[in-house]
Amino acid sequence: MTASETTAAIGVQALRPHAEDAFAHELKALAAADDRPRPARWQLSPWAVATYLLGGALPDGTVITPKYVGPRRLVEVAVTTLATDRALLLLGVPGTAKTWVSEHLAAAVSGDSTLLVQGTAGTPEEAVRYGWNYAQLLARGPSRDALVPSPLMRAMSDGMTARIEELTRIPADVQDSLITILSEKTLPVPELGQEVQAVRGFNVIATANDRDRGVNELSSALRRRFNTVVLPLPATPEAEVDIVSRRVDQIGRSLDLPAAPDGMAEIRRVVTVFRELRDGVTSDGRTKLKSPSGTLSTAEAISVVTNGLALAAHFGDGVLRPGDVAAGILGAVVRDPVADRVVWQEYLETVVRERDGWKDFYRACREVSA
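A. A look at helix H14 (residues 298-315). Taking 1.5 Å of rise per residue, 18 residues should cover 26 Å, and H14 covers 25 Å from first to last C-alpha, within 8% of that figure. The inward-facing, buried residues of H14 abut helix H12 (237-254), helix H13 (263-279) and helix H15 (322-333).

Okay, structure coming up:
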């Protein structure tokens, strides 16, 4: 097998293809139908990018699946921001699809979502600016051949969209190295007496949340360089059920899990439990509840249902039942083994036990909670 054939085979077998690969047919159809003005080096017009994110039908009958279910105006503001020289910050609590939206925006705008800096407490300045090939550096001294460009430097040179995940996890001194890049659109390389100037089309999408531990606040100088779009949790139970069912279906197909014929009932139940505990009140507004320490996000609901589908497929009859999701819900809710367990037990006894049609779910939860 040749190198190109090996690369193609790996792409076909990828557990999670990049957005531009997984939805290549939709991007191609949008590009063919898109007759609106496109900013420099954009693969699609702003209208087509928003359609790719929110879904729709094209004149040739191609159906564009929604990648994000939420307020249209937020997506329009995000896309418009990228069409200017101002960077975009997607802010929200964990599980509000910040990474998902960031990836799909980069795929639609630049056709490449892989120019990524993953923010952690140990992210060095080289990940944002540039590094060096030390073998060449020692042998020949500083040169362009010895320089190792960061994803941001590559995006600047090629007029592409770079992504920074979990910006607030990056140490403050490393965060500040972004200021010159975002304000002057220039990256100095003093070792060579040169600089890299951003080509038209360059921009940055960053994601951040302020709920997790280990967060470094953004300086006012850096925050001013971003236009911030706050991604909310799904507004209604129906919207959240729709999001969970779509993502579970996509993940299930990628893992070759059989479709659960009656899975919607359990998806609605998982979403109901998560929303009630998250909001601190039952869906009918009659009973106030204590909320656990975890976020109980939509992403966690997707994980619980996907794991339940795997249990039903491999150790059951293929039908998603309460027993398949009970353990996953317990693990998502009880993060603090003392305080959260009290919250969960009270919810089981005061709400789940008395709710019509939830007896099987109550018994399954009692079994895994024992």
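B. A look at empty space enclosed by the protein. Counted under the stated rule, the structure contains one cavity of 30 Å³ or more. Taken as a whole, the largest cavity holds about 50 Å³ of empty space. Around the largest cavity sit Leu53, Tyr68, Leu74, Val75, Ala78, Leu90, Val101, Leu105, Val229 and Leu231, which together line it. Going through the elements one at a time, helix H5 (72-82) and helix H6 (98-110) are the ones with two or more residues in the lining of the largest cavity. If one sorts the elements of the lining of the largest cavity by residue count, H5 sits on top with three residues. In terms of residue class, the lining of the largest cavity is built from 10 nonpolar, no polar and no charged.

C. Region of interest: the nonpolar core. Val273, Phe274, Ile329, Trp344 and Tyr347 are the most contacted members of the largest nonpolar core, which has 36 residues in total. Elements represented by at least two residues in this core include exactly H12, H13, H14, H15, helix H16 (339-352) and helix H17 (359-369). Sequence-distant contacts of Phe274, defined by excluding residues within four places in its chain, comprise Leu296, Ser297, Glu300, Ala301, Val304, Ile329 and Ala332. Residues Ile170, Val174, Ile179 and Ala206 belong to the second largest nonpolar core, which totals 35 residues.

D. Looking closely at the packing of H12 against H14. Contact pair H12 / H14: the axes reach a minimum separation of 9 Å and the direction vectors enclose 45°. Relative to H14, the element H12 is oriented oblique. As H12 runs across H14, the sense of the crossing is right-handed. Where H12 abuts H14, its residues Glu240, Ile243, Val244, Arg247, Val248 and Ile251 lie against Thr298, Ala301, Ile302, Val305, Thr306 and Leu309. Taken together, the residues of the contact of H12 with H14 sort by class into eight nonpolar, two polar and two charged.

Conventions adopted
Residues numbered from 1 in each chain as written. Predicted model: local features only at pLDDT ≥ 70, side-chain atom pairs only at ≥ 80, totals over all residues. Heavy atoms only, no water. Helix = DSSP H or I, 4+ residues; strand = E, 2+ residues; numbered from the N terminus. Expected span 1.5 Å × (residues − 1). Contact = heavy atoms within 4.5 Å. 1 Å grid on protein atoms, 1.4 Å probe; cavity = no way out; pocket = protein on both sides within 12 Å on 5 of 7 lines; lining within 4 Å. Points joined across faces, edges and corners; volume = space filled by probe spheres on them. Nonpolar A, V, L, I, M, F, W, Y, C, P; charged D, E, K, R; others polar. Core = buried A, V, L, I, M, F, W, Y, C linked by side-chain atoms within 4.5 Å. Buried < 20%, exposed > 50% of the residue type's maximum accessible area, 1.4 Å probe, protein only. Axes fitted to C-alpha atoms, helices over the stretch in contact; angles between N-to-C directions. Parallel < 35°, antiparallel > 145°, perpendicular 65-115°, else oblique. Left-handed = near helix turned anticlockwise from the far one by under 90°.

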